[in-house]
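Read off the chains here:
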Amino acid sequence: MERLIQSLLSFLSGNGSKGKARGDTSRREGNDEIQATEADTAGEVARLHAWLVGRSTTPDSGPTVPEQAMLSELRLRVRERRLSRIPRQPRVLPKLIRALGDERQTHRDIATIIEDEPALTDELLRVVNLTATNSGQRPIESVEQAVLLVGFEGVRRAISEAVMRPVMQAASRAEAGFARNVWQWGLLCANACDRLAHQKPGGGPDLFMLGLIPGLAYLTLYRELESIAGAQSGDHAVSAGLLVSVLEEQRGAMLERLVSAWELPASYRDELRELHDSPLGLQASTLSRGMVLGTHETLRQAGCGTLLQKELEAVTGLDQPRLEHVLTDLRRA
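Residues numbered from 1 in each chain as written. Predicted model: local features only at pLDDT ≥ 70, side-chain atom pairs only at ≥ 80, totals over all residues. Heavy atoms only, no water.

## What to know about the overall build of the protein chain
Then, in step 1: Looking only at helices and strands, one finds 14 helices and two strands in the protein chain.
Then, in step 2: Residue burial in the protein chain is summarised as follows: out of 333 residues, 53% are buried.
Then, in step 3: Nonlocal contacts in the protein chain, meaning residues at least 24 apart in sequence, comprise 73% of its contacts between residues at least 6 apart.
Then, in step 4: Carbon and sulfur atoms provide 46% of the accessible area of the protein chain, an area that totals close to 15200 Å². (Helix = DSSP H or I, 4+ residues; strand = E, 2+ residues; numbered from the N terminus. Buried < 20%, exposed > 50% of the residue type's maximum accessible area, 1.4 Å probe, protein only. Contact = heavy atoms within 4.5 Å. Areas by Shrake-Rupley, 256 points an atom, 1.4 Å probe, with all protein chains shown as cover.)

## Observations concerning the environment of Asp235
Then, in step 1: Along the chain, Asp235 falls in the loop between helix H9 (207-233) and helix H10 (240-262).
Then, in step 2: For Asp235, a relative accessible area of 45% gives the class partly exposed.
Then, in step 3: Once you skip the residues sitting within four places of it in the chain, Asp235 turns out to touch Ala229 and Gly230.

## A word on the layout of surface pockets
Leftover empty space is mapped by rolling, across the atoms, a probe with the size of a water molecule.
Then, in step 1: When its volume is computed, the second largest pocket comes out at roughly 160 Å³.
Then, in step 2: Lining the second largest pocket are Pro90, Arg91, Val92, Glu117, Ala119, Leu120, Glu123, Ala162, Val163 and Pro166.
Then, in step 3: Counting residues per element, the ones that place at least two in the lining of the second largest pocket are helix H6 (118-134) and helix H7 (143-168).
Then, in step 4: Taken together, the residues of the lining of the second largest pocket break down into seven nonpolar, no polar and three charged. (1 Å grid on protein atoms, 1.4 Å probe; cavity = no way out; pocket = protein on both sides within 12 Å on 5 of 7 lines; lining within 4 Å. Points joined across faces, edges and corners; volume = space filled by probe spheres on them. Nonpolar A, V, L, I, M, F, W, Y, C, P; charged D, E, K, R; others polar.)

## Quick word on the packing of helix H8 (residues 176-197) against helix H14 (residues 320-332)
Then, in step 1: At a minimum axis separation of 10 Å, H8 and H14 run at an interaxial angle of 135 degrees. The orientation of H8 relative to H14 falls into the category oblique. As for how H8 packs across H14, the hand of that crossing is right-handed. Contacts between H8 and H14 pair Leu188, Asn191, Ala192, Arg195 and Leu196 from the former with Arg322, Val326, Asp329 and Leu330 from the latter.
Then, in step 2: Across the contact of H8 with H14, the residue classes tally to five nonpolar, one polar and three charged. (Axes fitted to C-alpha atoms, helices over the stretch in contact; angles between N-to-C directions. Parallel < 35°, antiparallel > 145°, perpendicular 65-115°, else oblique. Left-handed = near helix turned anticlockwise from the far one by under 90°.)

## Looking at the nonpolar core
Then, in step 1: Counting 80 residues, the largest nonpolar core has Ile159, Met164, Met168, Phe178 and Leu264 as the members making the most contacts within it.
Then, in step 2: Among the elements that take part in this core, H9 stands out by supplying 15 residues, more than any other.
Then, in step 3: Apart from residues lying up to four places away in sequence, Phe178 is in contact with Leu52, Val53, Tyr218, Leu219, Tyr222, Leu243 and Leu247.
Then, in step 4: Of all hydrophobic cores here, the second largest spans 12 residues; its members include Leu312, Leu323, Leu327 and Leu330. (Core = buried A, V, L, I, M, F, W, Y, C linked by side-chain atoms within 4.5 Å.)

## Some remarks on a nonpolar patch on the surface
Then, in step 1: On the surface, Leu148, Leu149 and Val150 cluster together to form a nonpolar patch covering roughly 280 Å² of accessible area.
Then, in step 2: Mapping Val150 onto the fold places it in helix H7. (Patch = residues over 30% accessible without salt bridge, like charges linked within 9 Å, V, L, I, M, F, W, Y side chains within 5 Å. Salt bridge = Lys/Arg side-chain N within 4 Å of Asp/Glu carboxyl O.)

## Observations concerning helix H4 (residues 93-100)
Then, in step 1: Within H4 the residues assigned to the buried category are Leu93, Leu96, Ile97, Ala99 and Leu100. Burial along H4 is one-sided: seen end-on, the buried residues are contained in an arc of 165 degrees. (Arc of directions from axis to C-beta.)

## Remarks on the environment of Leu52
Then, in step 1: Mapped onto the elements of the fold, Leu52 is located in helix H2 (residues 38-52).
Then, in step 2: Given a relative accessible area of 1%, Leu52 falls into the buried group.
Then, in step 3: It is 9.3 Å that separates the C-alpha atoms of Leu52 and Ala240, two residues lying 188 residues apart in sequence.
Then, in step 4: When near neighbours in sequence (up to four residues on either side) are disregarded, Leu52 contacts Phe178, Asn181, Val182, Trp185 and Tyr218.

## What to know about the pattern of salt bridges
Then, in step 1: Under the criterion given, the structure shown has 20 salt bridges.
Then, in step 2: Of the charged contacts in the structure, one is a salt bridge between Glu44 and Arg47, with a shortest N-O distance of 3.1 Å. Taken together, the residues span about one helical turn, with Glu44 and Arg47 both in helix H2 at a distance of three residues. Take Glu44 and Arg47: they sit in the same class, and that class is buried.
Then, in step 3: Glu297 is the partner of Arg300 in a salt bridge, and the nearest nitrogen-oxygen pair spans 2.7 Å. One end of the pair, Arg300, and the other, Glu297, are both in helix H12 (residues 286-301), three residues apart, so they sit about a helical turn from each other.
Then, in step 4: On the basis of relative accessible area, Arg300 is assigned to the partly exposed category, the value being 37%.
Then, in step 5: Overlapping salt bridges bring together Glu73, Arg77, Glu80, Arg82 and Glu224 as one network.

## Considerations on H7
The periodicity of an α-helix, 3.6 residues per turn, causes residues three or four positions apart to be oriented the same way.
Then, in step 1: For H7, spanning 26 residues, the distance from its first C-alpha to its last is only 23 Å, which falls clearly below the expected 38 Å at 1.5 Å a residue.
Then, in step 2: At Gly151, H7 shows its maximal bend, which comes to roughly 115 degrees. (Expected span 1.5 Å × (residues − 1). Bend = angle between axes of the 7 residues up to and from the residue.)

## Things to note about the state of the cysteines
Then, in step 1: Inspection of the entire model under this criterion finds zero disulfides.
Then, in step 2: Of the cysteine sulfurs around Cys193, a residue in no disulfide, the closest is that of Cys189, at 6.5 Å. (Disulfide = S-S within 2.5 Å.)

## Focus: unusual backbone geometry
Then, in step 1: You will see that Arg81, though not glycine, has its phi angle at about 55 degrees, which is positive.
Then, in step 2: Along the chain, Arg81 falls in the loop between helix H3 (65-80) and H4.

Quick look at the structure:
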């Protein structure tokens, strides 16, 4: 079972082998336990990639000759750090990371930082008011009011979403469907990480924000491919088959490049490197478990096959009550 846990976490971070499972996973139920194989866990990620690119199953055909040239160029750009489509780090992000990680910061201190960025203020109030409206509360009109009413943890999640949403919005009509799916997946992963962490101010890196960053790596890969396609053929279209191949092969490397380019704090880098570098086994990090649960819930909502609950318990190391609590929260989010 430890091998199963290592396998899924490795696949999610980009270190597993490619293409082991492309269809439905098989289930073998014994009297007392449900067995799972590496093909099952590979299938979980294969189904995610198929859904992200708008397919019901992973494309079977490999890259065409022109696509192989694009793939070679992408590999070269990643290896030589010549990526042109890594988004700029939001200017306010370093200051917010420091403030949200410092338990000495007051509500007013955080509100002041946000209010210095009009676009962030508007986006934050939009996010907070969406929650307020859904729960029957009156509209929130100021950042300080939002901090006081929603609480530090609620505002921290809202800030992370407000900062990340603009850089993860579709940059072209062609990527709209993919960007929408990646954002949905990213939000579910971020919420799962956050619910597992139960963080407090000063308690470590913001796992909600970290749960969104792998999705940004996926979007950056798409945009880099689109740039290469335009340069090589004049047509910016990226096929589903090529994109799936790139996600399988390059997502871990792109995550590493993104972390480096954004110069994230050491605690953030360590969490993401751990996700990228290590098949973590029974000592899986909260971030890894959150990514697994977010992926599971994404597939469930999309009507795709996914792991059985007993398999999910084994993969995450969570007992049934805690797992059900997190999944219930995700379905209400």
